[in-house]
Each structure stands twice: as structure tokens, then as C-alpha cells.
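# Structure assessment
Next come the chains, spelled out residue by residue.
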Amino acid sequence: MSPSRGRRLGAFVFLSPGLTYLVVLLLVPLVLVLSYTLFQRGRFGGVVYEVTGENFSRLLDPLYLGVVGTSLKIAGLTTLIALLLGYPTAYLIARLPPKWKTVALVAVVLPFWTNFIIRVYAWIILLSGPGLLNSGLTALGLGPYELLYNQGAIVLGLLYSYLPLMVLPLYSAIERLDPQLWEASANLGASGFTTFRKVTLPMTVPGVLTGCLFVFVPSFGNFVVPEILGGGKSIMVGNLIRTEFLKARDWPFGSTLALALVAVLVVLLIAQSWAARRG
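Residues numbered from 1 in each chain as written. Predicted model: local features only at pLDDT ≥ 70, side-chain atom pairs only at ≥ 80, totals over all residues. Heavy atoms only, no water.

As recorded in an unreviewed UniProt entry, the protein chain goes by the name ABC transporter permease, listed as coming from Nonomuraea guangzhouensis. According to the UniProt record, the Sequence similarities (unreviewed entry) comment for the protein chain is "Belongs to the binding-protein-dependent transport system permease family. CysTW subfamily." Its UniProt record, at the heading Subcellular location (unreviewed entry), says of the protein chain: "Cell membrane". (UniProt positions renumbered as here; feature names shortened; annotations may be inferred.)

What follows is about the environment of Ser57. Tracing the chain through its elements places Ser57 in helix 2 (residues 54-58). Sequence-wise, Ser57 and Arg277 are 220 residues apart; in three dimensions their C-alpha atoms are separated by 36 Å. Within polar-contact distance, the side chain of Ser57 engages the backbone oxygen of Glu54 at 2.7 Å. (Helix = DSSP H or I, 4+ residues; strand = E, 2+ residues; numbered from the N terminus. Polar contact = N/O pair within 3.5 Å; in protein donor to acceptor, adjacent residues only side chain to side chain.)

With that out of the way, let us pick up a nonpolar patch on the surface. A cluster of nonpolar side chains, Leu15, Leu19, Tyr21, Leu22, Val23, Val24, Leu25, Leu26, Leu27, Val28, Val31 and Leu32, forms an exposed patch at the surface whose accessible area comes to about 1,100 Å². Note on placement: Leu19 falls in helix 1 (residues 3-36). For Leu19, a relative accessible area of 45% puts it in the partly exposed group. (Patch = residues over 30% accessible without salt bridge, like charges linked within 9 Å, V, L, I, M, F, W, Y side chains within 5 Å. Areas by Shrake-Rupley, 256 points an atom, 1.4 Å probe, with all protein chains shown as cover. Salt bridge = Lys/Arg side-chain N within 4 Å of Asp/Glu carboxyl O. Buried < 20%, exposed > 50% of the residue type's maximum accessible area, 1.4 Å probe, protein only.)

Quick look at helix 13 (residues 251-278) now. Each full turn of the α-helix corresponds to 3.6 residues, which orients residues three or four apart in the same direction. Between its first and last C-alpha, helix 13 extends 40 Å over 28 residues, near the 40 Å set by a 1.5 Å rise per residue. Residues of helix 13 that are buried: Pro252, Phe253, Gly254, Ser255, Thr256, Leu257, Ala258, Leu261, Leu265 and Gln272. For helix 13, the side-chain oxygen to backbone nitrogen distance between the N-cap and Phe253 is 3.3 Å, and the N-cap itself is Asp250. (Expected span 1.5 Å × (residues − 1).)

Bringing unusual backbone geometry into the picture now. For Tyr149, which is not glycine, the phi torsion reads 60° and is therefore positive. Tracing the backbone shows Tyr149 in the loop between helix 6 (132-139) and helix 7 (151-175). In this structure Tyr149 comes out as partly exposed when scored by relative accessible area, which is 37%. Positive phi, normally seen in glycine, also occurs at Arg249, with a value near 55°. Counting through the fold element by element, Arg249 comes out in the loop between helix 12 (237-246) and helix 13.

On to the pattern of salt bridges. Tallying each qualifying case throughout the model produces three salt bridges. Here Glu227 ties to Arg242 by a salt bridge, and the two come within 3.3 Å at their closest N and O atoms. On the criterion of sequence distance, the pair formed by Glu227 in helix 11 (residues 224-228) and Arg242 in helix 12 is long-range, its members being 15 residues apart.

Turning to the UniProt feature "transmembrane region" (unreviewed entry) in the protein chain, a few remarks are in order. Residues given the UniProt feature "transmembrane region" (unreviewed entry) here are residues 12-39, 63-90, 102-127, 147-171, 207-231 and 251-271. What you have in residues 63-90 is 100% helix and 0% strand, and the ends, taken at the C-alpha atoms, are 40 Å apart.

Glancing now at the packing of helix 7 against helix 10 (residues 205-221). Orientation of helix 7 relative to helix 10, taken along the N-to-C sense of each, is 160°, at an axis distance of 8 Å. The angle between helix 7 and helix 10 places the two elements in the roughly antiparallel class. Crossing handedness for the pair helix 7 and helix 10: right-handed. Between helix 7, through Leu158, Tyr162, Leu165, Met166, Pro169, Leu170 and Ala173, and helix 10, the contact on the second element is made entirely by Gly207, Val208, Thr210, Gly211, Cys212, Phe214, Val215, Pro218 and Ser219. In the contact of helix 7 with helix 10, the residues fall into twelve nonpolar, four polar and no charged. (Axes fitted to C-alpha atoms, helices over the stretch in contact; angles between N-to-C directions. Parallel < 35°, antiparallel > 145°, perpendicular 65-115°, else oblique. Left-handed = near helix turned anticlockwise from the far one by under 90°. Contact = heavy atoms within 4.5 Å. Nonpolar A, V, L, I, M, F, W, Y, C, P; charged D, E, K, R; others polar.)

Take the environment of Leu213 next. Within the secondary structure, Leu213 sits in helix 10. For Leu213, the contacting residues outside a window of four places in its chain are Pro218, Leu268, Leu269 and Gln272.

Take the side chain of Glu244 next. Its location among the elements puts Glu244 in helix 12. Nearest to the buried, unbridged Glu244 among oppositely charged side chains is Arg58, at 4.6 Å. (Lys, Arg positive; Asp, Glu negative; His and termini not counted.)

Written out as C-alpha cells, the structure reads:
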């Protein structure tokens, strides 16, 4: 066997588990979803294999466009707040002494060690009428408030769930910066804010874009947090897809919604890649 053929064979052996995983669990389901979008719903659910374009025209219904708008608003607000909180956090962690960086990073990812559903349900205890937050506000003469089953509770739940996904890429981007750049900026008379605005922020744009993508994508398609903390009052795209598949049993239109969601995410990935290259 020639050396080049042996290298190709070795590469195939090492890549085959990952390729098999992608084909079986990603490519095949995506092809099924794509094929279902072309067919009709049966009278009692399921799929009738008669080609139609009605599923795509239904996407333009104002009802569904409103759901998309609500999802964009909630996911965008969550991403913005995560960026405003995550950047200072990542910056402070990156400037810590080496022995404390590991401790701080473990504290950031610590919530991921607990089941996602349990973490979401814990917020019901905190935000409910007799919960800890309302009890504290009442003691201060500021409450009680309706903190649960609204869009604010959804944003809070999504923010708590995905904030670490913003902090970690930002920390990685800031950590890679050469400290001599900050020293040179200071020696040239720049203030701390000017150094941040003209040196730190521009050079960490790829981390900002990656963190925003990591937060926006799961927030946009999430259905657990709106169902539990929103009480089902604010329907997002994820809730709509789940309803079409499991309750309405309209698999063709559910597949069309899922395909539209995938298309939006692909566009975001392309935009993030383009912006990172330009940056």
C-alpha cells in the first residue's frame, strides 16, 4: 500500500464515526423535513403524499409573522442584555491573576452542571407572587409585582440559561490579546476608555459576533422557557413548531416552519462568518 493511500485510509477511519453521526442524525432528518414540506396534512393528522405549495404560502399569514416578530424581539433583547453583561464579565475574568481565572470560569459554567428544566423551574419559585424576589420587594415597600408569565420572565430565563455562551467566546477573544497593545496605547497617552474603544473592542469583534450567535440561535428556537416562565402567553417559533407536530399533528406545516427556522439560522451563520472576515 502506498503512503498516500494509507493516509487516505487512516483519515477515512478517523472521520467515519463523525460522518456517520452527521449523516444519520442530521442529514437524513433534514431530508425528511424537506420532503414533508411538499405534502399535505391528512384529515386526522399525519401526511398525505400529494404535492402542494400551500405550506409555504401559509408562512406569510400575519398570525405566523407575528410569532416570528415576537421571537425576534425576545431573542434580540436577550442577546443584547447578554452582551452588555457578558463583555464586562469576560474582560474582568481575563484580567484576573492566573490562579483565579479557572475559579471564575468554573463559576460561569457551573449552572450547566444542573438539568436545564430544573433550572427553569427554579425561577418560578423566585418570581412567583410569594417568591423570594417579591417578598424582598414587598419588605422594601416596592412590591409585589407580576414578575411571572410575561415576556420579561422569558427574557430573564433565556438570559440566565445562555449567558455563559456569551461569556466564554468573549473571554477567549480577550485572553488572546497581546498585553503590549494596552501598554503601547497607554504610553501614547490614550485613556482607558479610548484604549477599549480603539484597541480592545475592534480586536474582539469575532468573539462578540460568536457570542451573539451562540445566544440568539437557541433563544430564537427555544420553547421550554416561554412555556414554563411565559405561561404560554407569548408564543415563539419553537412553541409553534412543537404545537404543529405534537398537538395539531400537521407534520407538513410543522416541517415547513422547521425548515424556515433552519434557513434563518443558516443566514445568520453566513452573516456572522462574513462579518468576522471583514472585521
